[in-house]
Amino acid sequence: SMQHQLPLPYTTKDSLPDFVGTNVLEHLTIPLMLPELTVDQNYLGHLRWLGWSLYCIIFILAGCFVVWTWGNRSLRVVKAAQPGFLCMICIGVATFGAALVPLGIDDEDNDNFNGQAVCMSPIWCVFLGFTITFSALFAKLWRVNRLFHQAEHFARTSVSSLDVLKPVRLSVN
């Protein structure tokens, strides 16, 4: 019964050699009849319109928030929230959302497709939008922090928007 389970030249377990060779040419054979090559390009199709529509919504809402903030900048609540930085946050969010536009472009319909520019622009939009948004948030927090530290010393101080724009300029550059 042991003879039927082992390959033909070997009859017992003790007689197996230390080295078992394989036919190298067996691994290099190519079939004579290859199937037809079909490549799925993973085109976006109608999904690009969803991304572009979402960007339009982001852009319109960010614009509306900028207009509302600038129009109501004399209100006490908006003045306390620092309207310049609120507008800067809206611009950063719109820039961040602008990454959806080049993400919706592929070479399905474009004959003059510049893939390198299209592939790099979403990264730039995301990083620039993130930097603008969070530098505005950081500047707002830094301003509040400076005011609270001056309040510990019972010193009256004012921190202007130009003082706070220094770190913003540093982070965007």
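Keep in mind that this is a model prediction, so the values were computed, not measured.

Draft legend 1. Seen up close, the overall build of the protein chain. Counting its regular elements, the protein chain contains eight helices and zero strands. Of the regular secondary structure in the protein chain, the N- to C-terminal order runs α-α-α-α-α-α-α-α. Residues classed as buried in the protein chain amount to 23% of the 173 residues present. Of the contacts formed within the protein chain by residues at least 6 apart in sequence, a portion of 67% connects residues at least 24 apart. Per element, the accessible surface of the protein chain, about 13,900 Å² overall, is 66% carbon and sulfur.

Draft legend 2. Representation of the pattern of salt bridges in the model. One pass over the full model with this rule turns up one salt bridge. Arg-48 is the salt-bridge partner of Asp-106, the closest N and O atoms lying 2.8 Å from each other. With Asp-106 in the loop between helix H6 (100-103) and helix H7 (115-152) and Arg-48 in helix H3 (residues 47-71), this pair connects stretches of sequence that are 58 residues apart. Like Asp-106, the residue Arg-48 is buried in the burial classification.

Draft legend 3. Summary view of the packing of helix H5 (residues 83-97) against H7. Two elements in contact, H5 and H7, have axes whose closest approach is 7 Å; the angle formed by their N-to-C orientations is 160°. Taken together, H5 and H7 sit at an angle that is classed as roughly antiparallel. Pair H5 / H7 crosses with left-handed handedness. Broken down by class, the residue content of the contact of H5 with H7 amounts to 14 nonpolar, five polar and two charged.

The rules we used
- Residues numbered from 1 in each chain as written.
- Predicted model: local features only at pLDDT ≥ 70, side-chain atom pairs only at ≥ 80, totals over all residues.
- Heavy atoms only, no water.
- Helix = DSSP H or I, 4+ residues; strand = E, 2+ residues; numbered from the N terminus.
- Buried < 20%, exposed > 50% of the residue type's maximum accessible area, 1.4 Å probe, protein only.
- Contact = heavy atoms within 4.5 Å.
- Areas by Shrake-Rupley, 256 points an atom, 1.4 Å probe, with all protein chains shown as cover.
- Salt bridge = Lys/Arg side-chain N within 4 Å of Asp/Glu carboxyl O.
- Axes fitted to C-alpha atoms, helices over the stretch in contact; angles between N-to-C directions.
- Parallel < 35°, antiparallel > 145°, perpendicular 65-115°, else oblique.
- Left-handed = near helix turned anticlockwise from the far one by under 90°.
- Nonpolar A, V, L, I, M, F, W, Y, C, P; charged D, E, K, R; others polar.

Fair warning: the whole summary comes from geometry, so function is off the table for now.
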